[in-house]
Amino acid sequence: MKREYVLYAVCLLWVSGISGQGIKVGGSFLDAFTEVVLPQVKISIESLNYEGFSDENGLFEISISEVAAEEYILKIEKAGYLPKRIPVRTSIDKRSLGVLYLEPDISFENTQLATVFLTEAELNDEENVADNISGILQSSRDVFQNAAAFDFSQTFYRPRGLGSEYANVLINGFEMSQDNNSRPIWSEWGGLNDVQRNQSFTTGLFPAENAFGSLAGTINFTMRASRYARGGRITASASNRSYNGRFMVTYASGEVGNGWYYTVSGSRRFADEGLVEGTLYDAASFFAAVEKKLSEKSFLNLAFFYTPSERGKSAPLSEEIFELKGRYYNPYWGYQEGDIRNSRIKKITLPVVQLLHSWQLNASSELLSGIMLEASEMSNSRIDYGGSTANLVDSQYYYSVPGTNPDPAYYQNLPSYFLRSATATNYESAWRARQELEENGQLDWNALYEANLQAASHGQNSIYALVSDVMSPKRISGMSNFSHQFSPHLKMDAGANIRVFRNEHFGRIEDLLGGKSFLDVDIYAEDPAATGSSKQSDLQNFNRLVSEDQRYKYDYAVLGYHSSLFGKVEFSGPKWELFGAIQTSGTAYRRDGNYQNGLHPETSLGKSELSDFKNFGLKAGSIYKISGRRNVEANFACFGRAPGYESVFVNPRQTDLLVPDGQSEKILAGDFSYRFRSSDFNLRLTGYISEVRDATEISFYFTEGLSGLERENTAAFVQEILQNIHKRYYGMEFGTEYQLTPSLKLKSALGLGENSYANNPNLMLSSSAFAEILNYGEAYLKNYHLPGGPQTVAQLGFEYRDTDFWWFSSSLNYFDRSFIDSNPLNRTLNFQRDYDGLPLVDYDEDVARKLLKQEQFDSYFLWNATGGKSWRLKDKYLGLFASLNNILNTLYKTGGFEQSRNSNYRELKEDIDREFPLFASKYWYGPGTSFFINLNLRF
C-alpha cells in the first residue's frame, strides 16, 4: 500500500512540474438547421485527459493551465451531428469561438437498425441467448465497429466472439443487465431511440465511464431532462423485417423557468405479420423525465420509462422442412376464426423509475448518486398437451392418456417418419404427410378446441391449454459515482453499486381453449407405487385443478443481491496515456420454493442454502503517441465474473439442487492496437486474445441412448451440466477509411477470429428418471468451434455525402466460418457405450469421427445500401433515411444446433443413414431482401 502512495505522489509531482501556457476557450453550440441550443455537446482535447460538456444553454468554457504544446486540437462531438476538430494555439491567453453550428448527421439514423435488424433467432429465443451486442456499438465512429453494428450484425456476428453477457449497459449510471443470465434486453429499447442519443461508449478493455467495464465494452445512456436540446421530433418508419411500422414523438422543453426541465417521448411499433409467417409485433414505449436545478451546481432528475411488447416467435427448421416450405415457414401459428394466432408469444413489460442527483462539488469534482426501481414481467407462451383426468381405483390413481403434440412440424407428422424403417415403410402415409405440410402445415386451433369440448362432455378436464412460462423480476438498485480532475493530466473515478432483487418464476394458464379446468400433474413422471404422489406439481394441493390466470406446474423465487466497488485512475502526458482500474464484487442467490414437488419433496419447498460468489478484477492500459497521427495501444484485464443464477441451480422449477462445486468465471484478456489518423485517412489494426475459464452451462432436453442407468429404457428428460468450460477467443480487427474527395469516402473492414473450446469440459446429467447425478466425464470438445455467427467477416464500401444535404453509401460484405452448435453429450464416452455401460460391439471409430465432425456453414456475400436526404423548412428540419439489405436475396444460415435425441453411436448412425433423419440438425435462416425507411421532422 505504501508503494502505491509513493507512486501516486511521484506522478502528481511530475504532472504539476510540467510548464507551459494555459488554454482558455469558450463558445456556444447551435443546431445548424433549427438554431436551437445544444446541451451535452462533448468537448475534449486530443492528447489531454480532459473532456467537458456544454451546459443546458449550449455554453461551454475550457480553462486548463500548464500545458506543454504550442497547439492543441479541440474535438467536438454529439450523437446525431457531424464532429468537428478545431486547432487552438496556446499563445493566445483567451479565445472565444463564438457560436458553433453543428450539422445533423443524416447517416446517424443507422443507429435505428441495431434494433430493427435483430435476427429472428434473437426474437425467438426465450432467454435472449442469441442476443448479440450490435446495440452497444452503435455510438462508435470506429470503422470496424460501425460495420459490426450495422452490416455484420444481420448475420448473428459477435465482435470478438462475445455475447451481450460480456458487455456493460448502463442508463444514467445504473447497470441494466438481467440477474438470471447477465444479459441486457436490447430489443426492448427500440422505441426509445430519440432519448438514447446521449451516449458514452468504450470498446473492449478501454476505461469506462461510471463503471469498471467488461470484456466486450461499456455503454452509458444519459437520459436526463436537462441534457436534451429544446424542441420536438416526429418520426415515422416502415420496414418489412420484425415490424412493419413505427411512429415516435419526442419533445424536450429546455429550461422553462425556475430551473425546471422536462422531456417526454412515446412510440409504437407494430406488424400483423413480419417477414417470417405468423410473427406479430406490437410494442409501445414511453419515457418521461423531469429535472430541477436545485442550485448552480446541483440537479435532481426523475426519469420513468415503460416498454411493453408482444411478439410472435418462429421456429428453427430442419433441411426436410426447409425444402418443403422455405425459409419463412413457421409452424407455431394457425388461423382461428379467420385471424392469425401464434401459440408462441413473447411478452415483456418493463417499467423503470430512476431518481438521480448530480452535485458539482467544485470545478474539479462531481458526485452522481441515485436509486432505481424495477418491477417487470416476461412471459413465453406455448401449448401444454399433457392435460389429463385423475381416477382413483382401489387406492391407486390412474390418469387418462394426454393429447399428442399439436405442432404440425413435429417429427411424427413429417414424411420421414413414415419412411424411417426399410421393413415398415408406408409410402401412402408419407405422401399424405407431405401433402398436408405443403398445402397447410399450420397449427389447427379448431382441433384443440374440439378435443377439449369433447373431453368436457365426458366430464373430463382439458387436454390442451395455452400456458406461459413467466419470470417476474422486482429489484431496487443504488449507485454512487465520484470523479475528480487533479490536473489536466490526472483524473480519478470511483463508484459503488448495489442491487437487491426477487425474481419470481412460475407457470400460468393463459387460455383453457374451450375447457373448464386443467389438472396440475406431470403425466409423464414415473410413479411406481401408483399413489399419484410423484406426478404432483404441489403435494400440498393434490390433483389440483387450475383455471385461467392461475399459477401451475412450478412456482418459486430467486432472491439475491449484487454489489461492487471500483476505482480508476487515468493519466495523460505528451507521449503517454495510462490507466489502471480495480474492482471488487459480491453476488449471492437463494431459491425460495412455493410448491412441494412430488419428485423432489425434500428439496423443493422453502428456502435453499445461500450460494455466493466473491470476485476481484484488475484492468490496465497504455497509449504511446509515436506522433500526432500515430498511436500504439495496449490493454490488459484479469477479473472474475459471477454466473447468472440460471447456471447455479440445476433444475430450479422442481428442486433447489445446486451445481456441484459452482464457481465464478475467470477472465483473462489483452489487446494491442496500432492507429493512424489524419485529415483524410484513418486506420486501426487490433490483435486480441481473451480466455474465459470455469464457465458453466445448463441445458434441458429429452434424449435416448443413455448408458449406466441399470435398465433397458435409455430415455430420459435430462438437465445437462457442462462444467469447467474454458473458451478461447483470439483474432484481429482491421478498419480503414479514406476521404478520396471532400464528398467521397472509401471504407473497408476485416475481422478474423478463432473462437473455440480450449479444453474438454466435464459433463453431468440430472433427471427425475434417476436418483443421483450421473457424471459422464469429459466431453471431448477441445478445438471445436463456438457457435455465434461467422468468425471471418470483411467489408468493402463507400460513402458519398453531397453538399446539398443528401447522402448515400453501399457495401459488399463477406461472411465465412460459421459453425453449428454441437451436442456435448455425443462427445462423451456415453456415445460409445450400450445401456449396460459396456462398449457397443458395432462401434466404428472412423464412422464415428465423420458423425461427430462439426458442421461448417457455407460462406456468402451480402450487398447492402443506405442513403438519406435532409431539407431545411424555415426553422424546421426534415430528414429522410432509407436502407436496403441483402439486395441480391442471398440465402444463408445464421446459426443452428444439433438435436440431442440420439446420444449414442448406434442410434445416431441409424438416424443419419436415413434420407431424411428424424432428428436432424435445425437451422436459423437469414432474411431475404429487406428494407427500412425513416422520415423525421424536427422542430
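The numbering scheme is per chain: residues are counted from 1 as the chain's sequence reads. Whole-chain, interface and lining totals are the exception, using all residues; otherwise, since this is a predicted model, local features are given only for residues with pLDDT of at least 70 and side-chain atom pairs are given and counted only at 80 or more. No hydrogens and no water enter the side-chain calculation; it runs on all heavy atoms of the structure.

> Tell me about the overall build of the chain, residues and numbers included.
Tallying secondary structure elements over the chain gives 10 helices and 47 strands in all. The C-alpha extent of the chain, read off along each of the three principal axes, is 100 × 65 × 60 Å. Buried means the residue's accessible area, taken with a 1.4 Å probe over protein chains only, is under 20% of the maximum for its type, while exposed means over 50%, and partly exposed covers the values in between. Burial status across the chain gives 58% buried among its 939 residues. Contacts are assigned to residue pairs with any non-hydrogen atoms lying within 4.5 Å of each other. Considering only contacts within the chain whose residues lie at least 6 apart along the sequence, 72% involve residues at least 24 apart. What sets the accessible areas is the Shrake-Rupley method with a 1.4 Å probe; for residues, cover comes only from the shown protein chains. When the accessible area of the chain is evaluated, it comes to approximately 38600 Å², of which 54% is carbon and sulfur surface. Within this scheme the basic residues Lys and Arg register as positive and the acidic residues Asp and Glu register as negative, but His and the chain ends are omitted. For the purpose of locating charges, the reference atoms are NZ of Lys, CZ of Arg, CG of Asp and CD of Glu. Distance between charge centroids for the chain: 7 Å, based on 91 positive and 113 negative side chains. Under the scheme used here, helices are H or I runs from DSSP no shorter than 4 residues and strands are E runs no shorter than 2 residues, and both carry numbers assigned from the N terminus.

> An account of the pattern of salt bridges is requested, with residue identities and associated values reported.
Within this document, salt bridges are pairs made up of a side-chain nitrogen of Lys or Arg and a carboxyl oxygen of Asp or Glu, the two lying within 4 Å of each other. According to the stated counting rule, one finds 54 salt bridges in the structure shown. Its salt-bridge partner being Arg475, residue Glu374 comes within 2.5 Å of it at the nearest N-O pair. Taken together, the residues span a long stretch of sequence, with Glu374 in strand E22 (residues 365-375) and Arg475 in strand E26 (residues 465-487) at a distance of 101 residues. Taken individually, Glu374 and Arg475 each receive the classification buried, so the pair is uniform in this respect. Among the salt bridges present, the one from Asp804 reaches Lys869, with a minimum N-O distance of 3.5 Å. Note that Asp804 is positioned in the loop between strand E41 (792-801) and strand E42 (806-816) and Lys869 in strand E43 (residues 860-873), a separation of 65 residues in sequence.

> Explain the pairing of strand E21 (residues 352-360) residue by residue, including any values.
Looking along a regular strand, one sees side chains alternate from face to face of the sheet. We call two strands paired when DSSP finds no fewer than two bridges between them. Relative to E21, strand E16 (residues 298-306) runs antiparallel, the two being bridged by eight bridges. When the bridges of E21 are listed, Ser298 appears paired with Trp359. For E21 and E22, the ladder comprises nine bridges, and the chain directions are antiparallel. Note on E22: the bridge partner recorded for Leu356 is Gly370. Two successive antiparallel strands, E21 and E22, enclose a turn made up of four residues.

> Before we move on, can you summarise the side chain of Lys568 with the specific residues and values?
Structurally, Lys568 can be placed in strand E30 (residues 551-572). You can call Lys568 buried: its relative accessible area is 5%. Here the side chain of Lys568 touches Ala208 through a polar contact of 2.4 Å, landing on its backbone oxygen. If near-sequence neighbours (up to four positions away) are discounted, Lys568 is found in contact with Pro207, Ala208, Glu209, Lys491, Met492, Asp493, Gly580 and Ala581. Between N or O atoms, a polar contact is any pair within 3.5 Å; within protein, one atom must be a potential hydrogen donor and the other a potential acceptor, and residues adjacent in sequence are included only when both atoms are from side chains.

> Pulling in residues and values, what's your account of unusual backbone geometry?
The residue Phe156 is not glycine, and still its phi comes out positive at about 80°. With respect to the helices, strands and loops of the structure, Phe156 is situated in the loop between helix H4 (143-152) and strand E8 (168-171). In the Ramachandran plot, Asn258 falls in the positive-phi region, its phi being about 60° despite a non-glycine side chain. Mapped onto the elements of the fold, Asn258 is located in the loop between strand E13 (245-252) and strand E14 (260-271).

> How would you explain the nonpolar core if you had to name every residue and give the values?
Residues Trp189, Met223, Phe287, Phe305 and Tyr589 are the most contacted members of the largest nonpolar core, which totals 42 residues. When contributions to this core are tallied by element, the ones reaching two or more residues are E8, strand E11 (218-221), strand E15 (281-295), E16, E21, E22, E26 and E30. In this view, Phe305 contacts Ile171, Met176, Leu192, Met223, Phe286, Phe287, Leu350, Pro351, Val352 and Gln354; residues no more than four positions away in its chain are not counted. Grouped together as the second largest cluster of nonpolar side chains are 41 residues, Ile725, Tyr729, Ala848 and Leu908 included. We define a nonpolar core as any set of buried Ala, Val, Leu, Ile, Met, Phe, Trp, Tyr and Cys residues linked to one another through side-chain atoms lying within 4.5 Å.

> Outline helix H8 (residues 445-457), listing residues and values.
For an α-helix, the turn length of 3.6 residues means that residues three or four places apart are oriented alike. A helix is expected to span 1.5 Å multiplied by its residue count minus one. With 13 residues, H8 should reach 18 Å at 1.5 Å per residue; the first-to-last C-alpha distance of 19 Å fits that figure. Burial in H8 covers these residues: Trp445, Leu448, Asn452 and Ala455. Along the long axis of H8, the arc covered by the buried residues comes to 95°, so they all point the same way. With respect to the buried face of H8, the exposed residues turned more than 90 degrees away are Glu450 and Ser457. Buried residues along H8 sit in contact with strand E18 (333-336), strand E19 (339-342), strand E23 (377-384) and E26. Arc definition: it is the arc formed by the directions from the helix axis to the C-beta atoms.

> Hey, could you go over the side chain of Glu799 for me, with residue numbers and the actual values?
For Glu799, the location among the structural elements is in strand E41. Note on Glu799: relative accessible area 14%, which makes it buried. One polar contact links Glu799 to Arg801, side chain to side chain, over a distance of 2.9 Å. Separated by 3.3 Å, the side chains of Glu799 and Trp807 make a polar contact. Dropping the residues within four chain positions of it, Glu799 is found in contact with Ser743, Leu744, Lys745, Trp807, Phe808 and Ser809.

> Outline the packing of aromatic side chains, listing residues and values.
What counts as a ring pair is set by centres within 6.5 Å for rings of Phe, Tyr and Trp (its six-membered ring), and what kind of pair is set by the plane angle: stacked under 30 degrees, edge-to-face over 60, tilted for all other angles. For the coordinates displayed, the defined rule picks out 38 aromatic pairs. With a centroid separation of 4.4 Å and 10° between ring planes, the pair formed by Phe322 and Tyr925 is classed as stacked. Pair noted here: Phe322 is in helix H5 (residues 319-325) and Tyr925 is in strand E46 (residues 922-925), with a separation of 603 residues, a long-range link. The pair formed by Phe322 and Tyr925 is uniform in burial state, with each residue classed as buried. A ring pair is formed by Phe681 and Tyr738, whose centres lie 6.3 Å apart and whose planes are at 65°; its orientation type is edge-to-face. Placement of Phe681 in strand E36 (residues 681-703) and of Tyr738 in strand E37 (residues 716-739) is noted, with a sequence separation of 57 residues between them. Assessed through its relative accessible area of 26%, Phe681 is described here as partly exposed. Among the aromatic residues, those joined into a cluster by ring pairs are Phe144, Phe152, Tyr157, Phe815, Tyr860 and Tyr892. A ring is considered to have a charge above it if a Lys NZ or an Arg CZ atom is located within 6 Å of its centre and within 35 degrees of its normal. Between Lys619 and the ring centre of Phe212, over which it is positioned, the NZ or CZ distance is 5.4 Å. Here the guanidinium or amino end of Arg641 rests over the ring plane of Tyr166, the centre of that ring lying 4.7 Å away.

> Break down a negative patch on the surface for me, citing the residues and quoting the values.
Put simply, a patch holds well-exposed residues, over 30% relative accessible area, that have no salt bridge, with like charges counted together within 9 Å and Val, Leu, Ile, Met, Phe, Trp or Tyr side chains within 5 Å. The grouping of Glu436, Glu439, Asp444 and Glu450 at the surface amounts to a negative patch. Mapping Asp444 onto the fold places it in the loop between helix H7 (427-439) and H8.

> I'd love a proper account of the sheet that holds strand E10 (residues 199-202), names of residues and values included.
If you trace the four strands from one edge of the open sheet to the other, you get E9-E8-E11-E10, paired in mixed fashion. Only two strands of the sheet have a single neighbouring strand rather than two, namely strand E9 (174-175) and E10. Examined bridge by bridge, E8 and E9 share two bridges and lie antiparallel to one another. Across the sheet, the residue bridging to Ile171 is Phe174, located in E9.

> Pulling in residues and values, what's your account of helix H10 (residues 905-912)?
Within H10, the full set of buried residues consists of Tyr905, Leu908 and Asp911. Relative to the axis of H10, the buried residues are bounded by an arc of 140° and lie together on one face. Those residues of H10 hidden inside the fold are in contact with helix H9 (845-851). Two or three places before Arg906, at the start of H10, stands the capping residue Asn904, its side-chain oxygen 3.3 Å from that residue's backbone nitrogen.

> Please give an account of the pairing of strand E20 (residues 345-349) that cites residues and values.
Pairing of strand E17 (residues 309-312) with E20, which is carried by four bridges, proceeds in the antiparallel orientation. Its bridge partner being in E20, Glu310 is matched across the sheet by Lys347. In this sheet, E23 lies alongside E20 in antiparallel orientation, the contact comprising four bridges. Across the sheet, Lys347 pairs through a bridge with Ser379, a residue of E23.

> Any chance you could break down the environment of Leu367 for me, citing the residues and the numbers?
Within the secondary structure, Leu367 is located in strand E22. Sequence-wise, Leu367 and Ser298 are 69 residues apart; in three dimensions their C-alpha atoms are separated by 9.6 Å. With residues up to four places along the chain from it excluded, the contact list for Leu367 reads His357, Ser358, Trp359, Leu361, Ser480, Asn481 and Phe482.

> Summarise the confidence of the model for the chain; cite the residues concerned and give the values.
Reading fine detail from the predicted coordinates is not recommended where pLDDT is low. Within the chain, residue pLDDT values average 89, and 91% of them lie at 70 or more. Across the chain, each position has a pLDDT score giving the predictor's confidence in that residue, from 0 to 100. Taken together, the stretch residues 1-20 has pLDDT below 50 and engages in 18 contacts with residues farther than four places along the chain or on a different chain. Contacts for the low-pLDDT stretch residues 126-136, under 50 throughout, to residues beyond four places or in other chains number 51 contacts.

> Can you lay out the environment of Ser400 for me, pointing to particular residues and giving the numbers?
Structurally, the position occupied by Ser400 is in the loop between strand E25 (396-399) and helix H6 (415-418). Given a relative accessible area of 22%, Ser400 falls into the partly exposed group. Along the primary structure Ser400 and Tyr411 are separated by 11 residues, whereas in three dimensions their C-alpha atoms are 24 Å apart. Among all residues touching Ser400, those that are not within four sequence positions of it are Ser388, Thr389 and Ile523. Only 2.9 Å separates the side chain of Ser400 from the backbone nitrogen of Thr389, close enough to count as a polar contact.

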